[in-house]
Structure formats: structure tokens, C-alpha cells
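Listed here are the chains, written in short residue letters.
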Amino acid sequence: MSGDTATFDPRTRQLMAVFNDLFAESCNTLLSGGGEEPVYLPAEGRLDCHQLIFRYDYFSSALHEVAHWCIAGEQRRQKLDFGYWYRPDGRSVSEQSAFERVEIKPQALEWMFSVAAGHRFQISADNLSEDIDASDAFATAVAEQAQCWCVGSLPTRAALFAASLSEVFGRRDYLDPCHYRVDVLKY
């Protein structure tokens, strides 16, 4: 993990600043880049803070990790990587199906954050070595979840983050459901 953000592109530094300005003090959580793999590290001591680490300086990785964090409840945020099951690249068809079931909400939020930040979203099957793409049913479920949040309400931390992203990056139309259609997805 790199504490030196000078090597990150300006947009990634802005993204980190948005998150850290919102949540460093209020939720004792910092967003950091430079990880070989993304990971959430809960605080270990009273004076320590939680670390949400995204892969290298990848903007999309940061958005995805923030999406998981926004969905995780208080108890999950006390566990390494939120205590979620994760099988890395190389999942079987049945494992891929289980992966897709738990990734609907995080990927829908990532998509919304991407639109708010003016960043291209690409749905991820996260299973390159098995050459298993995201299923059509998964893509549809992610789009439907994003559309539901457009007309309903986002989780509290996600709403704060998305609104702040839209202010900083100038994309105020991120709640327009027309952004979240399967036919605009890349997968």
C-alpha cells in the first residue's frame, strides 16, 4: 500500500479526498490506494482507523471497494474484508453464480458512483482465468438494482458519497435511471 498519492492521477486523488473528507472522522475510515489486491482492514486499536485499500491507483477499484463499504453494516465493518466469502479468479460455474448473487448491490452502487464521477463503468465477473463472463441475468439484476435506487433511496453513506462525487466531478444527473440500462453496459 502506498501512502504517497503523488503518483496517482489527479482524478484518483480527488476521489480519495472526497471519501476521506466525508468519512475519515465520522466513520474512522480512510480510503487508500496502492494495494496489490483490494482489502478492508478494520481498526486494530482504539486510536487506529479502518483502512479501505483499493488496487494500485485504479479509479474503478476504489469505487468498487467504497461500494462494498457503503453496504457493509457496523458488524461487518469490524471484520477483515467485511467477513465476506471470496474465492479469487478461477471460480467454477456454481461458484461464479454465488459470486454474482452477492455482487449485485456492490456493482450497482459502483455503477452509480461511476456515473456520478463521469467514469466509465464495466460490469465485472472477476473470473478471468476461467473465461466466464458476467451472465446476462447478473447484468440485468445490477441494472435493475441501480434503477431501483434512482427512484428509491440509496444507503445513507452511499447517498453522501454519490452526491459529493457529483458535486466534485460535475455529474448531477447520476440519479437518472436512463444511465442504468443493460444495453449501455460493457461486459
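See the structure printed just above.
Residues numbered from 1 in each chain as written. Predicted model: local features only at pLDDT ≥ 70, side-chain atom pairs only at ≥ 80, totals over all residues. Heavy atoms only, no water.

A closer look at helix α2 (residues 59-71)
Put simply, the test is: In DSSP terms, a helix is any run of H or I states spanning at least four residues, a strand is any run of E spanning at least two, and both are numbered starting from the N terminus. Helix span, as expected, comes to 1.5 Å for every residue beyond the first. Exposure categories follow from relative accessible area, calculated using a 1.4 Å probe and restricted to protein chains: below 20% of the type maximum is buried, above 50% is exposed, and the middle band is partly exposed. Residues count as neighbours in contact if any of their non-hydrogen atoms are within 4.5 Å of one another.
Along its 13 residues, α2 runs 19 Å from first to last C-alpha, staying within 8% of the 18 Å computed at 1.5 Å per residue. Taken together, the buried positions of α2 are F59, S61, A62, L63, H64, E65, V66, A67, H68, W69 and C70. Those residues of α2 that are buried lie in contact with α1 (10-23), β1 (29-35), β2 (39-41), β3 (50-55), α3 (93-116) and α5 (156-169).

Some thoughts on the pairing of β3
Which entries qualify depends on this criterion: By definition, two strands form a pair when at least two bridges between them are found by DSSP.
The buried fraction of β3 is high, at five of six residues. Across five bridges, the pairing between β1 and β3 is parallel. Bridging from a neighbouring strand, S32 pairs with I53 of β3.

Some details on the packing of α3 against helix α4 (residues 136-151)
Stated formally: As a rule, the C-alpha atoms of each element are fitted with a line to give its axis, helices using only the stretch in contact, and angles between N-to-C directions run from 0 to 180 degrees. Here the angle decides the label: under 35 degrees means roughly parallel, over 145 means roughly antiparallel, 65 to 115 means roughly perpendicular, and every other value means oblique. A crossing counts as left-handed when the near helix is turned anticlockwise from the far one by less than a right angle, and as right-handed when that turn is clockwise. Under this grouping Gly is polar, as are all residues other than the nonpolar Ala, Val, Leu, Ile, Met, Phe, Trp, Tyr, Cys and Pro and the charged Asp, Glu, Lys and Arg.
Direction vectors running N to C along α3 and α4 enclose 50°, while the axes themselves pass 8 Å from each other. Classified by the angle between their axes, α3 and α4 sit oblique to one another. Two packed elements cross with a definite hand, and for α3 against α4 that hand is right-handed. Between α3, through E100, E103, I104, K105, Q107, A108, L109, W111 and M112, and α4, the contact on the second element is made entirely by F138, A141, V142, A143, Q145, A146, W149 and C150. Partitioned by chemical class, the residues of the contact of α3 with α4 number twelve nonpolar, two polar and three charged.

Considerations on the sheet that holds β2
Pairing within the open sheet is mixed, and its three strands lie in the order β1-β3-β2. Both edges of this open sheet fall to β1 and β2, since each of them pairs with a single strand only. Averaged over all pairs of adjacent strands, the angle between strand axes in this sheet comes to 20°, irrespective of strand direction. Along the sheet face, α1 touches β1 and β3 and points at about 155° away from the line of β1. Lying over the sheet, α2 contacts β1, β2 and β3, oriented at roughly 145° with respect to β3.

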